[in-house]
Amino acid sequence: MPHPVVVAIDGPAGAGKSTIARRVAARLGFVYIDSGAMYRAVALWAVRENMDLEDAARLERVADTARIEFAPGGSTVFLDGEDVSEAIRTPGVSQAASIVSAIPGVRRALVEQQRRMGATESVVMEGRDIGSVVFPNADVKVFLDADPAARTQRRALELEAKGEPVSSEEVARELAERDRRDSTRAAAPLVEAPGAIRVDTTRLSIEEVEQVILELIAQRVSTAR
Ligand code: DC
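This one's a predicted model, so the numbers in the text were calculated from it and none came from an experiment.

J.: Give a description of the sheet that holds strand β2 (residues 31-34) that names residues and reports values.
T.: Spatially, the five strands line up as an open sheet ordered β2-β6-β1-β7-β8, and their pairing is parallel. Of all strands in the sheet, those with a lone pairing partner are β2 and β8 (197-200), marking the two edges. Each neighbouring strand pair of the sheet contributes to a mean axis angle of 20°, computed without reference to strand direction. Looking at chain direction, strand β1 (residues 6-10) and strand β7 (residues 140-145) are connected through four bridges and run parallel. Paired with A8 across the strands is K141, a residue of β7.

If you want it as structure tokens, here you go:
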């Protein structure tokens, strides 16, 4: 039986990872995994329990014991059986996720779960360290990027569509803060993984980015087999 295919998509917030990863997975019949949602679920737990976000030992225990599951399609996320898909997307949880994801023990626990998810089924997994740490031997590694202004605009439109308008200045500040934290932390910082193909999505439509990635996958996977 051929081994399951792993497509790793990394990049900063607002580069288009979720939209693209979900579409590519649907096109190929692969499982879509949003690894950021897992860090967000741990952060949500911590915020609800009013935990100190720097309490590494306690947060590691949360990451080890939290039951984080995805419904088929990957967009609905459950934390211990509760649908938290909306609750994990607030600006407060975004910032908390960026803080708790810097804790090595939290990363260890979630990376173990992510590797198990990619061991048996073909997956498109998106995050910050999928091509560098979780699956360094992924069949295809993509680093999605876009200008900060484009990423800010996308995130602002997303929040507006959800009925939570935030000023562009505030979104830009929040993204810059997360980018800085995600790329400068000691544990598995956001980096372009060796062998990753960089795709700048600033001036591309969703369909164009999807096409580029589907072609890459077709090339890589057919040469590997
Ligand atoms: O992709 P996202 O914005 O939903 O991710 C939320 C936070 O989780 C982000 O600030 C960085 C962190 N993260 C991570 O450290 N490693 C991953 N593989 C995915 C997300």
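J.: So what's going on with the side chain of Q95? Which residues, and what values?
T.: Following the sequence through the fold, Q95 ends up in helix α4 (residues 91-100). Of note is the side chain of Q95, whose polar atom sits 3.5 Å from the backbone oxygen of E174. The contact partners of Q95, leaving out residues within four places of it in the chain, are E174, E177, R178 and R181.

J.: With reference to specific residues and values, describe the pairing of β1.
T.: Within β1, five of the five residues are buried, which leaves the element mostly enclosed by the surrounding structure. The alternating pattern of β1 places V6, A8 and D10 and V7 and I9 on opposite faces, both of which are buried. Relative to strand β6 (residues 123-127), β1 runs parallel, the two being bridged by five bridges. Residue pairing for β6: A8 is matched across the bridge by M125.

J.: Any details on the packing of helix α2 (residues 35-48) against α4? Residues and values, ideally.
T.: In the contact formed by α2 and α4, the axes pass within 8 Å of each other and the chain directions differ by 105°. The angle between α2 and α4 falls in the class roughly perpendicular. Contacts between α2 and α4 pair Y39, R40, V42, A43, L44 and V47 from the former with V93, S94, A96, A97 and V100 from the latter.

Thresholds, definitions, all that
- Residues numbered from 1 in each chain as written.
- Predicted model: local features only at pLDDT ≥ 70, side-chain atom pairs only at ≥ 80, totals over all residues.
- Heavy atoms only, no water.
- Pairing = 2+ DSSP bridges.
- Helix = DSSP H or I, 4+ residues; strand = E, 2+ residues; numbered from the N terminus.
- Axes fitted to C-alpha atoms, helices over the stretch in contact; angles between N-to-C directions.
- Polar contact = N/O pair within 3.5 Å; in protein donor to acceptor, adjacent residues only side chain to side chain.
- Contact = heavy atoms within 4.5 Å.
- Buried < 20%, exposed > 50% of the residue type's maximum accessible area, 1.4 Å probe, protein only.
- Parallel < 35°, antiparallel > 145°, perpendicular 65-115°, else oblique.

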